[in-house]
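# What the coordinates show
The lines below spell out each chain.
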Amino acid sequence: MIELFDTPASVAQAVAERAKQRRTSMRLTQAELAQKAGLSLSTYRRFEQQGQIAFSGLLQIAFALDCMRDFDALFASQSWATMDDMLKQAKPAKRVRHD
């Protein structure tokens with residue numbers, strides 16, 4: 001699960017790992033997925049290894065992995081049924097001691 005307050009780099013790496021898991025579950029090699037997504041093999045490898053890719057490339061990968069619906073929640077407004085639901089998702093702020 002991607003945490004609410006992760007860094008952009010750690011989220012990118014987590015997304016890359018999910019793509020790799022999806023690719024392997026579909027029994028596709030990196031080369032096969034790259035071809036299916038219309039990307040060079042080196043571009044796809046860099047994505048899996050470093051989490052680096054242009055947004056358009058990420059969309060191509062998502063399309064090739066049949067995951068386009070996952071973008072539906074991106075930038076969508078969050079709504080919670082109760083205040084408790086919201087608080088469960090938020091991490092408490094760290095307190096700083098002033099001595």
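Just above sits the structure.
Below: a short report on this structure. (Residues numbered from 1 in each chain as written. Predicted model: local features only at pLDDT ≥ 70, side-chain atom pairs only at ≥ 80, totals over all residues. Heavy atoms only, no water.)

Below, the discussion takes up the overall build of the chain. Helix and strand content of the chain: five helices and zero strands. Taking all 99 residues of the chain together, 21% fall into the buried category. Taking contacts inside the chain between residues at least 6 apart in sequence as the whole, the part at least 24 apart equals 43%. On the chain, roughly 8000 Å² of surface is accessible, and the fraction owed to carbon and sulfur atoms is 54%. (Helix = DSSP H or I, 4+ residues; strand = E, 2+ residues; numbered from the N terminus. Buried < 20%, exposed > 50% of the residue type's maximum accessible area, 1.4 Å probe, protein only. Contact = heavy atoms within 4.5 Å. Areas by Shrake-Rupley, 256 points an atom, 1.4 Å probe, with all protein chains shown as cover.)

A few words now on the nonpolar core. With 15 residues, the main nonpolar core has Ala 19, Leu 33, Ala 37, Tyr 44, Phe 47, Ile 61 and Leu 65 as its most contacted residues. Sorting the residues of this core by element identifies helix 1 (8-25), helix 2 (30-37), helix 3 (41-50) and helix 4 (55-64) as the ones contributing at least two each. Beyond its immediate chain neighbours, meaning those up to four positions away, Ala 37 contacts Gln 60, Ile 61 and Ala 64. (Core = buried A, V, L, I, M, F, W, Y, C linked by side-chain atoms within 4.5 Å.)

By the element assignment, Arg 45 lies in helix 3. For Arg 45, a relative accessible area of 38% gives the class partly exposed. Separated by 25 residues in sequence, Arg 45 and Lys 20 have C-alpha atoms that sit 9.9 Å apart.

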